[in-house]
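# Analysis of the macromolecular model
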Amino acid sequence: MQQSNQLIITVATILDEIIKETDALEIEQESQSYFHANKAPSISIHNYLQRISKYTHCSEQCFVIALIYLDRLQEKHPYLVLNSKCIHRFLLLAIVMAIKYQDDDYYKNEYYAKVGGISVKEIFVLEQEFLELMDHQLFIDEQYYFLYEKKLLEYEEIEMP
């Protein structure tokens, strides 16, 4: 549990740094997606990740995989800017997809919608959109995963001695 909490802190710190930079950018209407809300949620990324972890009981690997998915989205769709108005939804869907792909046990979308603070209809639409943006490619090569995990551990050591 301690390792998982540290991983959540590291992932949240990385995403907070990205969001701080992207929120300063002027985003054109065309670069917004189904994931963008009118305003940013009041819950911090760290608290949102803790909530997801607490209620989904997902494996630690899902957080690493979710981060890989978010990076893949950015590579495939450079126009898609992750900012405070969309990061929570992207994060929720990345983790849900990782859970469904990685973990043996998972809940129904209705449960994930409740955990994520969105409607059931919205989670179904966002899941379909997420899969389309990912070209339905959710597989992560084991070596690529371990490289990411290593980089997260190195980041953790640099940022949090």
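To start, this report covers the structure provided alongside it. As the structure is a prediction and not an experimental result, all values here were calculated from the model. (Residues numbered from 1 in each chain as written. Predicted model: local features only at pLDDT ≥ 70, side-chain atom pairs only at ≥ 80, totals over all residues. Heavy atoms only, no water.)

## A look at the overall build of the protein chain
- Helices and strands together make up the secondary structure of the protein chain, namely 7 helices and 0 strands.
- When the helices and strands of the protein chain are placed in sequence order, the string is α-α-α-α-α-α-α.
- Taking 15 Å as the expected radius of gyration for a compact globule of 161 residues, we find that the protein chain reaches 15 Å, a close match to that expectation.
- By principal-axis analysis of the C-alpha atoms, the protein chain measures approximately 40 × 35 × 30 Å.
- Counting over 161 residues, the protein chain shows a buried share of 48%.
- Sequence-distant contacts in the protein chain: of pairs separated by 6 or more residues, those separated by 24 or more amount to 84%.
- Between the mean site of the 14 positive side-chain charges and the mean site of the 26 negative ones, the protein chain shows a separation of 8 Å. (Helix = DSSP H or I, 4+ residues; strand = E, 2+ residues; numbered from the N terminus. Rg over C-alpha atoms; globule rule 2.2 N^0.38 Å. Buried < 20%, exposed > 50% of the residue type's maximum accessible area, 1.4 Å probe, protein only. Contact = heavy atoms within 4.5 Å. Lys, Arg positive; Asp, Glu negative; His and termini not counted. Charge placed at Lys NZ, Arg CZ, Asp CG, Glu CD.)

## Side note on helix H2 (residues 45-56)
- Under the 1.5 Å per step criterion, the end-to-end length of H2 is 16 Å for 12 residues, consistent within 8% with the ideal 16 Å.
- Listed as buried for H2 are Ile45, Tyr48, Leu49, Ile52, Ser53 and Thr56. Down the axis of H2, the smallest arc covering the buried residues is 135 degrees, so these residues share one side.
- Directly after H2, the chain includes His57, whose backbone phi takes a positive value near 55 degrees. (Expected span 1.5 Å × (residues − 1). Arc of directions from axis to C-beta.)

## Digging into the environment of Glu156
- Among the secondary structure elements, Glu156 is positioned in helix H7 (residues 142-159).
- C-alpha of Glu156 to C-alpha of Val11: the two residues are 145 residues apart in sequence and 9.2 Å apart in space.

## Overview of unusual backbone geometry
- Located in the positive-phi region is Asp135, a residue other than glycine, with phi close to 55 degrees.
- Secondary-structure assignment places Asp135 in the loop between helix H6 (120-133) and H7.
- The partly exposed category is assigned to Asp135, whose relative accessible area is 44%.
- Of note, His136 is a non-glycine position whose phi angle comes to about 60 degrees, a positive value.

## Side note on the environment of Gly116
- Topologically, Gly116 is positioned in helix H5 (residues 109-116).
- Excluding anything up to four places from it in sequence, Gly116 contacts Tyr48 and Leu92.

## Considering the environment of Leu93
- Looking at the secondary structure, you find Leu93 in helix H4 (residues 87-102).
- Note: C-alpha distance between Leu93 and Ala66 (27 residues apart in sequence) is 8.3 Å.
- Each residue touching Leu93, except ones within four places of it in the same chain, is listed here: Phe35, Ile123, Leu126, Glu127 and Phe130.

## Observations regarding the packing of aromatic side chains
- Scanning the entire structure with this criterion turns up 8 aromatic pairs.
- A centroid spacing of 5.5 Å and a plane angle of 75 degrees characterise the contact between Tyr145 and Phe146, whose relative ring orientation is edge-to-face.
- Residue Phe146 is classed as partly exposed on the basis of its relative accessible area, which comes to 43%.
- Put simply, the rings of Phe35, Tyr69, Phe90 and Phe130 touch in pairs and so form one group of aromatic residues. (Phe/Tyr/Trp six-rings, centres within 6.5 Å; stacked < 30°, edge-to-face > 60°.)

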